[in-house]
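Given next are the chains, with one letter for each unit.
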Amino acid sequence: MKPEFNNGWDDVLDDVFSAPFYQELRGFLKTEYAAGAVFPDMHDIWNAFRQTPYENVKVVILGQDPYHGAGQAHGLSFSVQHGVRTPPSLRNIFKELESDIGCAKPESGSLTGWTAQGVLLLNTVLTVREGKAHSHRKHGWEQFTDAVIRKLSGREEPIVFILWGRPAQEKKRLIDLTKHVTIESVHPSPLSASRGFFGSKPFSRTNEQLGKWGELPIDWCRTDS
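The rules behind the values
Residues numbered from 1 in each chain as written. Predicted model: local features only at pLDDT ≥ 70, side-chain atom pairs only at ≥ 80, totals over all residues. Heavy atoms only, no water. Helix = DSSP H or I, 4+ residues; strand = E, 2+ residues; numbered from the N terminus. Expected span 1.5 Å × (residues − 1). Buried < 20%, exposed > 50% of the residue type's maximum accessible area, 1.4 Å probe, protein only. Contact = heavy atoms within 4.5 Å. Disulfide = S-S within 2.5 Å. Phe/Tyr/Trp six-rings, centres within 6.5 Å; stacked < 30°, edge-to-face > 60°.

Participant: Provide a residue-level description of helix H5 (residues 88-101), including the pertinent values.
Facilitator: If you check H5, its first and last C-alpha atoms are 20 Å apart, about what 14 residues at 1.5 Å a residue would give, namely 20 Å. Turning to H5, its buried residues are Ser89, Leu90, Asn92, Ile93, Phe94, Glu96, Leu97 and Asp100. Looking at the buried positions of H5, the neighbouring elements they touch are helix H6 (112-115), strand S5 (160-164) and helix H9 (202-212). A positive phi of about 80° marks glycine 102, the residue just after H5.

Participant: I'd like a description of the state of the cysteines, backed by residues and values.
Facilitator: Under the criterion given, the structure shown has 1 disulfide. There is a disulfide in this structure between cysteine 103 and cysteine 221, and the S-S distance comes to 2.0 Å. Disulfide cysteine 103-cysteine 221: torsion about the S-S bond near -80°, hence left-handed. Here cysteine 103, found in the loop between H5 and H6, pairs with cysteine 221, found in the segment after H9; they are 118 residues apart in sequence, far enough to count as distant. The buried category is assigned to cysteine 103, whose relative accessible area is 2%. The partly exposed category is assigned to cysteine 221, whose relative accessible area is 44%.

Participant: Kindly report on the packing of aromatic side chains, identifying the contributing residues and their values.
Facilitator: Enumeration according to the criterion identifies 22 aromatic pairs in this entry. Here the aromatic rings of tryptophan 46 and phenylalanine 144 are separated by 5.4 Å at their centres, their planes lie at 70°, and the arrangement is edge-to-face. One end of the pair, tryptophan 46, is in the loop between strand S1 (38-39) and helix H4 (47-51); the other, phenylalanine 144, is in helix H7 (residues 141-153), and 98 residues separate them in sequence. The class for tryptophan 46 is buried, based on a relative accessible area of 7%. For phenylalanine 144, a relative accessible area of 0% translates into the label buried. Seen from their ring centres, phenylalanine 49 and phenylalanine 144 are 6.0 Å apart, and the 80° between their planes marks the pair as edge-to-face.

This is the structure we're talking about:
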């Protein structure tokens, strides 16, 4: 049974959900969710697609895999649910947000205000076991998100792809750079942020590019819906 988004993604991804690799991935996920704690909740896996319809995507922020602590992940890369303490990577994103365009530190770690403006918050892998980062790599998610990037790259309307970290940057090969633009840096994790994430100005650079295309800028200060 394939997920329903009730927007343009249903038709766009119909063939992907019929592919053999996805059927294998689905079987793996059934086993994993039955065996122990997996994040996000299975009802939240597809939130990025539900909240940002295919035809509305202006920007893609591509991360790695979800937060692996209880109550954090809710299907949007880097975002956490209301009332959850802001994780270190997101704190660094907020620091760069303030440094880049002067946004005050948000009270909540929810980024649903971005998704409502056409920012697709996508991870390269969409699920993870509790406490075990990268535990769902190489089980089919990479093929799925490859397909998503290809579908977006095939659109006529241009998109800014923000690629943070090596797994995200490996998707660059799937993007038609004659139409779209990438903005790349190391991951905002505390392990790497000081090696090129801080000072990379992804938010102002994105809005500058959107302006060149005649698109409205993202109000990055409006993080929460």
